[in-house]
2 protein chains.
Amino acid sequence: MSKENLRKCEGDRNDCPIKDVLYRVGDKWSMLTVIMLSDHGTLRFNELHNLIETISQRMLTVTLKTLEADGLIARKMYAQIPPKVEYSLTELGQSLVPPLMSLYEWANVSMPAIKASRERHQKQDLVAPDNR
Amino acid sequence: MSKENLRKCEGDRNDCPIKDVLYRVGDKWSMLTVIMLSDHGTLRFNELHNLIETISQRMLTVTLKTLEADGLIARKMYAQIPPKVEYSLTELGQSLVPPLMSLYEWANVSMPAIKASRERHQKQDLVAPDNR
DNA sequence: CTGCATCCTCACTGATACTG
DNA sequence: CAGTATCAGTGAGGATGCAG
């Protein structure tokens, strides 16, 4: 945790690993997909689609392609009719799971406090301005 | 790390802490701001603006307000001319730093492999389609 | 079953100007 | 110094239809 290399973050994505990691895992579905694969092991396209019900087919495709291009997941395609494609985490992908889990656990512990704080602020905002 | 509560993530933000935490820390500037405050301690508005050079004044304001509403940072305002406002992490905000750091360190270790993988895929894409 | 292509929307973001 | 207000552009993401 050397503080020195955190002092400043000026170049846009150049000398800022925080931004790098955000652009990797910060999108809407990547983390979720990695977690699902970590939890279930190998999964087929539709199995993922069912597990992450609110994802659109398009975004699942896009997310899987990006994760594959980044070397976080492996894609195994069976040349048969009907097609069958299996996805699983690579070693690199698995190495992401522990840090993800620590964030996940922080969320479980802290979200109640965050939500409570948010509601307190909403109430304050409601009484501050005149009701017009 | 009980697997049971990860099995499915269907309700949009209802029963899915992964999404919760993503919507908190996944935006473009929150993590960066938290890290800066963790690194420097108390900071004034313009000090933050200088440290995160690429952030616009508007987004810094928005980010700070959101983080404050969520109880992650504290805002201390001095009633004087010229105005002076100091921001610092609350305990809740500080509790976010360790998980953030584990992600940060994962990024430092893994980004080279990710970037290499990405470039490999780009080259493959360039030879796959007919050049037309 | 697994995916790609197209269209379309709207929320996030930045630029700019103004205020206490 | 520390914001607020307004406007406008961009691009992530969803809906739909088609294909191998």
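For the structure, see preceding data.
Residues numbered from 1 in each chain as written. Chains lettered and ligands numbered in written order. Predicted model: local features only at pLDDT ≥ 70, side-chain atom pairs only at ≥ 80, totals over all residues. Heavy atoms only, no water.

Quick notes on the sheet that holds strand β3 (residues 84–89) of chain B
Residues and elements named next belong to chain B. Basically, it comes down to this: Pairs of strands are assigned from DSSP output, requiring at least two bridges between the strands. Secondary structure is summarised from DSSP: a helix means a run of H or I of at least four residues, a strand means a run of E of at least two, and numbering begins at the N terminus for each. The contact criterion used is simple: two residues touch if any of their non-hydrogen atoms lie within 4.5 Å. Every axis in this analysis is a line fitted to C-alpha atoms, fitted for helices over the stretch in contact. Angles between the N-to-C directions lie between 0 and 180 degrees.
Within the open sheet, the three strands sit side by side as β1-β3-β2. Their pairing is antiparallel. Two strands lie at the open edges of the sheet, namely β1 (43–44) and β2 (73–78), each paired on one side alone. When β2 meets β3, the two strands line up antiparallel, connected through six bridges. Within β3, the residue paired with Arg75 across the bridge is Tyr87. Contacting β1, β2 and β3, helix α2 (residues 30–40) crosses the sheet at an angle of about 95 degrees to β3.

Notes on the protein's contact with DNA strand D
Stated precisely, the cut-off is as follows: Only a single heavy atom is needed: when it lies within 4 Å of a molecule or strand, its residue is near that molecule or strand. Counting of polar contacts relies on pairs of N or O atoms within 3.5 Å, with two restrictions inside protein: one atom must be capable of donating a hydrogen and the other of accepting it, and residues adjacent in sequence are counted only when both atoms are side-chain atoms.
Taken together, 19 residues sit near DNA strand D, with Met59(A), Arg44(B), Gln57(B), Arg75(B) and Tyr87(B) positioned nearest. Asn46(B) places a main-chain nitrogen or oxygen 3.1 Å from a phosphate oxygen of DNA strand D. Within the side chain of Arg75(B), an N or O atom sits 2.5 Å from a phosphate oxygen of DNA strand D. Broken down by element, the residue count for the surface near DNA strand D peaks at four residues, all from helix α4 (residues 57–69) of chain B.

Some details on the nonpolar core
Quick note on the threshold: Residue types Ala, Val, Leu, Ile, Met, Phe, Trp, Tyr and Cys, when buried and joined through side-chain atoms within 4.5 Å, form a set referred to as a nonpolar core. Summary of the burial criterion: residues with accessible area below 20% of their type's maximum are buried, those above 50% are exposed, and those between are partly exposed, where the area comes from a 1.4 Å probe applied to protein chains only.
Core analysis: the biggest nonpolar cluster contains 73 residues, and Leu48(A), Leu96(A), Leu48(B) and Tyr87(B) have the highest contact counts within it. Once residues lying within four places of it in the same chain are set aside, the contact partners of Leu48(B) are Thr33(B), Met36(B), Leu37(B), Leu43(B), Leu60(B), Leu64(B) and Tyr87(B).

Section: α4(B)
Residues and elements named next belong to chain B. Where we set the bar: Expected span, for any helix, means 1.5 Å times one less than how many residues it has.
For α4, which comprises 13 residues, the first-to-last C-alpha distance of 18 Å matches the rise-based estimate of 18 Å (1.5 Å per residue) to within 8%. For α4, the full list of buried residues reads Leu60, Thr63, Leu64, Leu67 and Ala69. One or two residues past the end of α4 sits Gly71, with phi positive at roughly 80 degrees.

Brief notes about the protein's contact with DNA strand C
Selection rule: Under the scheme applied here, ten amino acids are nonpolar (Ala, Val, Leu, Ile, Met, Phe, Trp, Tyr, Cys and Pro), four are charged (Asp, Glu, Lys and Arg), and all others, including Gly, are polar.
Taken together, 19 residues are adjacent to DNA strand C, and Thr61(A), Arg75(A), Tyr87(A), Arg58(B) and Met59(B) come closest. Atoms of DNA strand C within 4 Å of the protein belong to the sugar or the phosphate in 62% of instances, the rest to bases. Here Asn46(A) contributes a backbone N or O atom positioned 3.1 Å from a phosphate oxygen of DNA strand C. At 3.3 Å from a base nitrogen of DNA strand C is found a side-chain nitrogen or oxygen belonging to Arg58(B). Taken together, the elements giving at least two residues each to the surface near DNA strand C come down to α3 (45–51), α4 (57–69) and β3 (84–89) of chain A together with α4 of chain B. For the surface near DNA strand C, a count of residues per class yields eight nonpolar, five polar and six charged.

Digging into the interface of chain A and chain B
Note the threshold: When a carboxyl oxygen of Asp or Glu lies within 4 Å of a side-chain nitrogen of Lys or Arg, that pair is called a salt bridge.
On the side of chain B, 61 residues touch chain A, which itself brings 61 residues to the contact. Our count for the chain A to chain B interface comes out at four salt bridges. Of the charged contacts, one joins Asp20(B) and Lys115(A) as a salt bridge, the two residues approaching to 3.7 Å between their closest N and O atoms. Inspection of the chain A/chain B interface yields 13 residue pairs in polar contact (both at pLDDT 80 or more). Every element with two or more residues in the side of chain A that touches chain B is listed here: α1 (17–25), α2 (30–40), α3, α4 and α5 (91–127) of chain A. Of the residues forming the side of chain A that touches chain B, the biggest block, 21 residues, is contributed by α5(A). Residues that form the side of chain A that touches chain B fall into these classes: 31 nonpolar, 13 polar and 17 charged.

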